[in-house]
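Secondary and tertiary structure notes
Take a look at the letters that make up each chain.
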Amino acid sequence: MLSYRHAFHAGNHADILKHLCLVGVLESMTKKDKNFTAIDAHAGAGIYFLDDERAIKTGESQVGILSLYQKFLANKENSEIPNLVKNYLHFVEPYLKNNQYPGSPEIIRKFLRSGDKEFLFELHNTEIEILKSNIKDSRVTILHQNSFENLKSVVPPLIKRGLLLIDPSYEVSSDYENSADSLILAYKKWNVAVLCLWYPLLKHRKSECEMMLDKIKTSIKTLSKEKEIQIDNFQLLVDSPEKEMGLYGSGMLIVNTPWQLKEKILDTILFLEQNL
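A brief look at the structure comes next. (Residues numbered from 1 in each chain as written. Predicted model: local features only at pLDDT ≥ 70, side-chain atom pairs only at ≥ 80, totals over all residues. Heavy atoms only, no water.)

Looking at the overall build of the protein chain
Spelled out, the test is: Each helix corresponds to a stretch of at least 4 residues labelled H or I by DSSP, and each strand to a stretch of at least 2 residues labelled E; elements are numbered beginning at the N terminus. In this treatment the radius of gyration is a C-alpha quantity, and the globule benchmark scales as 2.2 Å times the residue count to the 0.38 power. Relative accessibility decides the category of a residue: with a 1.4 Å probe and only protein chains considered, values under 20% of the type maximum give buried, values over 50% give exposed, and everything between is partly exposed. Residues are treated as being in contact if the distance between any of their heavy atoms lies within 4.5 Å. All accessible areas in this document rest on Shrake-Rupley with a 1.4 Å probe, and a residue is counted as covered only by the protein chains that are shown. His is not counted here, nor are the chain ends, while Lys and Arg score as positive and Asp and Glu score as negative. Charged groups are reduced to one reference atom each: NZ for lysine, CZ for arginine, CG for aspartic acid, CD for glutamic acid.
Scanning the protein chain for helices and strands turns up 11 helices and nine strands. The C-alpha radius of gyration computed for the protein chain amounts to 18 Å, which stays within 12% of the reference 19 Å derived for 276 residues, consistent with globular compactness. A principal-axis box enclosing the C-alpha atoms of the protein chain has dimensions of 50 × 45 × 40 Å. Going through the 276 residues of the protein chain one by one, you find that 53% of them count as buried. For the protein chain, the share of sequence-separated contacts (at least 6 apart) that also reach a separation of at least 24 residues comes to 76%. Accessible area for the protein chain stands at about 13100 Å²; split by element, carbon and sulfur atoms hold 49% of it. Put simply, the protein chain has 34 plus and 36 minus side-chain charges, and the middle of one group is 6 Å from the middle of the other.

Here you go:
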């Protein structure tokens, strides 16, 4: 428990999907002047170093964000590159030039305007100190807490317009049930928010994943009392679903998907499947 360190995996294909979706949501949020609250339920360190020995050991960023970025540099004028991909790569470019990669807390922070708020949950004793060092901003509240137990303390926030990102490590099977329960709780108390759930695609966790997604969809349908709710489930596959070990892809479930974002993400996934 709590052995997971994201520094080994920063900038991999799963991060790319998660953060492209996040950038898309934040772009939609900032199109209006009205303030918003963003909650990251599993923040991690906030910023990662791609020349760190852990990142080098796995090499995941090399075949992930660094490979994608190099292809982008070689084909900047290619009109077939989706705008969401371009915007994401322009966003991470300054970090990559310093051998860094921004995690979701930093991505959210950079989109914040005066009056916007961000809450970050992180339980890991080492990660929380790194997070505090990396994210220093008066608009950001960092909580050394288990979001599965304490999310209700900040939901709903004072500023009702907003988003929630849930993306635990899923290193234990209970993370699947806890993630479903957290998202359902958030919907009960904060049904106007954009609710985002990232999850891994692993052959040996297929049943847990399917039960989690089914529970969320069924519960929200019941809670919405037949009101039409936008729920989209996006998946990026980079390997065969029969792969015995490791991720063969990842997914992002979004409740209350912003207008026109679904089409942008689908175009982006098609592009990524051909370029990762």
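Now that the structure is up, let's keep going.
Here's the deal with the pattern of salt bridges
Rules: By convention in these notes, a salt bridge is any Lys or Arg side-chain nitrogen within 4 Å of a carboxyl oxygen on Asp or Glu.
Enumeration according to the criterion identifies 13 salt bridges in this entry. For Lys18, the salt bridge is made with Asp167, and the minimal N-O distance between the two is 2.8 Å. Of the two residues, Lys18 sits in helix H1 (residues 13–29) while Asp167 sits in the loop between strand S6 (162–166) and helix H9 (174–189), which places them 149 residues apart along the sequence. In this pair, the class of Lys18 matches that of Asp167, namely buried.

Brief notes about the pairing of strand S9 (residues 249–255)
Convention followed: Paired strands are those between which DSSP finds at least two bridges.
For S9, the buried fraction is high: seven of the seven residues fall into the buried class. Going residue by residue along S9, you find Gly249, Gly251, Leu253 and Val255 tucked away on one face and Ser250, Met252 and Ile254 tucked away on the opposite face as well. With seven bridges joining them, strand S7 (residues 194–201) and S9 adopt antiparallel strand pairing. Paired with Tyr199 across the strands is Gly251, a residue of S9. One ladder, built from seven bridges, connects strand S8 (residues 231–237) with S9; its direction is antiparallel. Considered in S9, the bridge of Leu237 is made with Gly249.

Considerations on helix H5 (residues 83–96)
Quick reminder of the rule: Working rule for helices: expected span equals 1.5 Å times residues minus one.
Along its 14 residues, H5 runs 19 Å from first to last C-alpha, staying within 8% of the 20 Å computed at 1.5 Å per residue. Taken together, the buried positions of H5 are occupied by Leu84, Val85, Tyr88, Leu89, Phe91, Val92, Glu93, Tyr95 and Leu96.

Topic: the sheet that holds S9
Just so we agree on the cut-off: Angles here are taken between N-to-C directions and fall from 0 to 180 degrees, while the axes themselves are lines fitted to C-alpha atoms, restricted in helices to the stretch in contact.
With mixed pairing, the seven strands of this open sheet are ordered in space as S5-S4-S1-S6-S7-S9-S8. Of all strands in the sheet, those with a lone pairing partner are strand S5 (140–143) and S8, marking the two edges. Geometrically, the sheet is characterised by an average inter-axis angle of 15° between neighbouring strands, direction not taken into account. Sheet strands touched by H9: S6, S7 and S9. Its angle to S7, the strand with the most contacts, is close to 170°. Across the sheet, helix H10 (residues 206–223) lies against S7, S8 and S9, angled at about 160° from S7, the strand it touches most.

Brief notes about helix H4 (residues 65–74)
To be explicit about the condition: In this description, the arc belongs to the directions extending from the helix axis to the C-beta atoms.
Ile65, Leu68, Tyr69 and Phe72 are the residues of H4 that are buried. In an axial view of H4, the angular spread of the buried residues amounts to 100°, which keeps them on one side of the axis.

Observations regarding the nonpolar core
Short version of the rule: Remark: nonpolar core denotes a set of buried residues (Ala, Val, Leu, Ile, Met, Phe, Trp, Tyr, Cys) joined through side-chain atoms within 4.5 Å.
One finds Ile65, Tyr88, Leu164 and Met212 to be the most contacted residues of the largest nonpolar core, which totals 86 residues. Every residue in contact with Met212, bar those within four places of it in the chain, is listed here: Tyr170, Tyr176, Ser179, Ala180, Leu197 and Tyr199.

Considering the packing of H1 against H5
Keep this limit in mind: Each angle gets one of four labels, with under 35 degrees taken as roughly parallel, over 145 as roughly antiparallel, 65 to 115 as roughly perpendicular, and the rest as oblique. Only Asp, Glu, Lys and Arg are considered charged in this grouping, and only Ala, Val, Leu, Ile, Met, Phe, Trp, Tyr, Cys and Pro are considered nonpolar; every other residue, Gly among them, is considered polar.
Two elements in contact, H1 and H5, have axes whose closest approach is 10 Å; the angle formed by their N-to-C orientations is 100°. Viewed along their axes, H1 and H5 adopt a mutual orientation that is roughly perpendicular. Contacts between H1 and H5 pair Ile16, His19, Leu20, Val23, Gly24 and Glu27 from the former with Leu84, Val85, Asn87 and Tyr88 from the latter. The class makeup of the residues in the contact of H1 with H5 is six nonpolar, three polar and one charged.

Quick notes on the environment of Asn150
Position of Asn150 among the secondary structure elements: in helix H8 (residues 147–150). Along the sequence, Asn150 and Ala41 sit 109 residues apart, while their C-alpha atoms lie 9.6 Å from each other. Setting aside chain neighbours within four positions, we find Asn150 in contact with Phe121 and Gln145.

Let's talk about the side chain of Glu93
By the element assignment, Glu93 lies in helix H5. The buried charged residue Glu93 lacks any salt bridge, with Lys97 as its nearest oppositely charged partner at 4.2 Å. Not counting residues up to four positions away in its chain, the partners in contact with Glu93 are Tyr69, Leu73 and Lys76.

Quick notes on the packing of aromatic side chains
What counts is decided by this rule: Note on aromatic pairs: the rings of Phe, Tyr and Trp (six-membered ring only in Trp) are paired at centre separations within 6.5 Å, and the planes decide the class, stacked below 30 degrees, edge-to-face beyond 60, tilted for the rest. Counted as over-ring charges are cases with an Arg CZ or a Lys NZ within 6 Å of the ring centre that also lie within 35 degrees of the ring normal.
Taken as a whole and judged by the stated rule, the model has four aromatic pairs. Measuring from ring centre to ring centre gives 5.7 Å for Phe91 and Phe111, while their planes differ by 20°; the resulting arrangement is stacked. Residue Phe91 is located in helix H5, and its partner Phe111 is located in helix H6 (residues 104–111); the two are separated by 20 residues in the primary sequence. A relative accessible area of 16% places Phe91 in the buried class. For the pair Tyr170 and Tyr176, a centre-to-centre distance of 4.7 Å together with 50° between the ring planes defines the contact as tilted. Residue Tyr170 is classed as buried on the basis of its relative accessible area of 4%. Grouped by ring-pair contacts, the aromatic residues Phe91, Tyr95 and Phe111 constitute a single cluster. Cation over ring: Lys18 sits above Trp198, and NZ or CZ is 5.1 Å from the ring centre.

The values are spatial; any link to function lies outside them.
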